[in-house]
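Coordinate analysis (summary)
Here's the letter readout for the chains.
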Amino acid sequence: MSGLPALLLTFFGVACLCGSMPRHQRDLFRRRLSDGASARLRAAGFSLLAVALALDLWLLSPAQGAIYWCGHLTVGAVATVALLKLREGA
């Protein structure tokens, strides 16, 4: 259960990175965001991923934390892509 916060952080981090890309902005927001807003989303995404990595490394051993973070990153990316596909179809 201690991995749930890191999993949520990676999901929101990947979602922020996705939202910073012009192609996905049209799908999510129905318009292109300004360059400043895209940069802030990108920074937030990388920050959330870094916090998730730090959390995994802190809660687990460094080697195991890195492996768990890769797993959390994979699950977060798959969930983000799935939600984007659902939104695209709607």
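Criteria and thresholds
Residues numbered from 1 in each chain as written. Predicted model: local features only at pLDDT ≥ 70, side-chain atom pairs only at ≥ 80, totals over all residues. Heavy atoms only, no water. Salt bridge = Lys/Arg side-chain N within 4 Å of Asp/Glu carboxyl O. Buried < 20%, exposed > 50% of the residue type's maximum accessible area, 1.4 Å probe, protein only. Helix = DSSP H or I, 4+ residues; strand = E, 2+ residues; numbered from the N terminus. Arc of directions from axis to C-beta. Axes fitted to C-alpha atoms, helices over the stretch in contact; angles between N-to-C directions. Parallel < 35°, antiparallel > 145°, perpendicular 65-115°, else oblique. Left-handed = near helix turned anticlockwise from the far one by under 90°. Contact = heavy atoms within 4.5 Å. Core = buried A, V, L, I, M, F, W, Y, C linked by side-chain atoms within 4.5 Å. Patch = residues over 30% accessible without salt bridge, like charges linked within 9 Å, V, L, I, M, F, W, Y side chains within 5 Å. Areas by Shrake-Rupley, 256 points an atom, 1.4 Å probe, with all protein chains shown as cover. Phe/Tyr/Trp six-rings, centres within 6.5 Å; stacked < 30°, edge-to-face > 60°.

Attention now moves to the pattern of salt bridges. As enumerated under the stated definition, the model contains one salt bridge in all. Of the charged contacts, one joins Arg-32 and Asp-35 as a salt bridge, the two residues approaching to 3.6 Å between their closest N and O atoms. We classify Arg-32 as partly exposed; its relative accessible area is 47%. Residue class for Asp-35 comes out exposed when judged on its relative accessible area of 58%.

Next up on the list: helix H2 (residues 22-29). It helps to recall that an α-helix has 3.6 residues per turn; residues three or four apart then point in one direction. Taken together, the buried positions of H2 are His-24, Gln-25 and Asp-27. The buried residues of H2 all sit within an arc of 165° when viewed along its axis, so they share a single face. A positive backbone phi angle near 65° is found at Arg-30, which sits one or two residues after H2.

A few words on the packing of helix H1 (residues 4-19) against helix H3 (residues 35-59). Put simply, H1 and H3 touch, their axes get as near as 7 Å, and they point 160° apart. Judged on the interaxial angle alone, H3 and H1 are roughly antiparallel. For the crossing formed where H1 meets H3, the hand is left-handed. Touching Pro-5, Ala-6, Leu-9, Thr-10, Phe-12, Gly-13, Val-14, Cys-16, Leu-17 and Gly-19 of H1 are Leu-41, Arg-42, Ala-44, Gly-45, Phe-46, Leu-48, Leu-49, Val-51, Ala-52, Leu-55 and Asp-56, all from H3.

Attention now goes to the nonpolar core. Ranked by size, the top nonpolar core spans five residues in total: Val-14, Leu-17, Leu-49, Ala-52 and Trp-69. For this core, the elements supplying multiple residues, two or more each, are H1 and H3. Apart from the residues within four sequence positions on either side, Val-14 is in contact with Leu-49, Leu-73, Gly-76, Ala-77 and Thr-80.

The residue Leu-9 is located in helix H1 in this model. Excluding anything up to four places from it in sequence, Leu-9 contacts Leu-48, Val-51, Ala-52 and Leu-55.

What follows covers a nonpolar patch on the surface. There is a patch of nonpolar side chains on the surface, built from Leu-4, Leu-8 and Phe-12 and spanning about 280 Å² of accessible area. Along the chain, Leu-8 falls in helix H1. Owing to a relative accessible area of 42%, Leu-8 belongs among the partly exposed residues under this scheme.

Right, let's get into the packing of aromatic side chains. Applying the stated rule across the entire model yields one aromatic pair. Plain terms: the ring middles of Phe-11 and Phe-12 are 5.2 Å apart, the flat faces sit at 65° to each other, and that makes the pair edge-to-face. With relative accessibility at 46%, the residue Phe-12 sits in the partly exposed group.

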